[in-house]
Amino acid sequence: MKNEPQVNTKSGISLTLGVLSLFIPFIGVILGIIGIILYKKSLNEINRTQQQGKGLAISGLVCSIIGICIQLLMILGFVAFLSVGTVTE
């Protein structure tokens, strides 16, 4: 058996949280922020220990950023929708 480098676990978790941040309403912002934090930690570990998983970490970062943007737009739209119906004279 070859002694292949291990895949960094935090990079996989970062990708998972990034994908979940795309689909879970309102909580997705928190998941995206955690995904970005785990991306940074996993990248530091990958550079230090020569593990694999850099692509997973970068994908997690991209999904987390997109998820945060989508969630913030959804929250902004929700607030705008609620504020339109509460016009007083």
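Residues numbered from 1 in each chain as written. Predicted model: local features only at pLDDT ≥ 70, side-chain atom pairs only at ≥ 80, totals over all residues. Heavy atoms only, no water.

## Here's the deal with helix H2 (residues 28-49)
Part 1 of the reasoning: Its 22 residues give H2 an end-to-end C-alpha distance of 30 Å, which sits within 8% of 32 Å, the value for a rise of 1.5 Å per residue.
Part 2 of the reasoning: Looking at the buried positions of H2, the neighbouring elements they touch are helix H1 (9-23) and helix H3 (54-84).
Part 3 of the reasoning: Directly after H2, the chain includes Gln50, whose backbone phi takes a positive value near 60 degrees. (Helix = DSSP H or I, 4+ residues; strand = E, 2+ residues; numbered from the N terminus. Expected span 1.5 Å × (residues − 1). Contact = heavy atoms within 4.5 Å.)

## Topic: a nonpolar patch on the surface
Part 1 of the reasoning: Taken together, Phe26, Ile27, Ile30, Ile34, Ile58, Val62, Ile66, Ile70, Met74, Phe78, Phe81 and Leu82 make up a surface patch of nonpolar side chains, about 1,100 Å² in accessible area.
Part 2 of the reasoning: If you list the elements that add at least two residues to the nonpolar patch, you get H2 and H3.
Part 3 of the reasoning: For the nonpolar patch, the element with the highest residue contribution is H3, accounting for 8 residues.
Part 4 of the reasoning: With respect to the helices and strands, Ile27 occurs in the loop between H1 and H2.
Part 5 of the reasoning: Accessibility expressed as a relative area gives 47% for Ile27, which makes it partly exposed. (Patch = residues over 30% accessible without salt bridge, like charges linked within 9 Å, V, L, I, M, F, W, Y side chains within 5 Å. Areas by Shrake-Rupley, 256 points an atom, 1.4 Å probe, with all protein chains shown as cover. Salt bridge = Lys/Arg side-chain N within 4 Å of Asp/Glu carboxyl O. Buried < 20%, exposed > 50% of the residue type's maximum accessible area, 1.4 Å probe, protein only.)

## Some thoughts on the pattern of salt bridges
Part 1 of the reasoning: On inspection of all chains with the given rule, the structure shows 1 salt bridge.
Part 2 of the reasoning: The residue Glu45 makes a salt bridge to Lys10 at a minimum N-O spacing of 2.5 Å. With a gap of 35 residues between them, Glu45 in helix H2 and Lys10 in helix H1 connect regions that are remote in the sequence.
Part 3 of the reasoning: Note on Lys10: relative accessible area 27%, which makes it partly exposed.

Without other data, these values stay purely geometric and don't point to any function.
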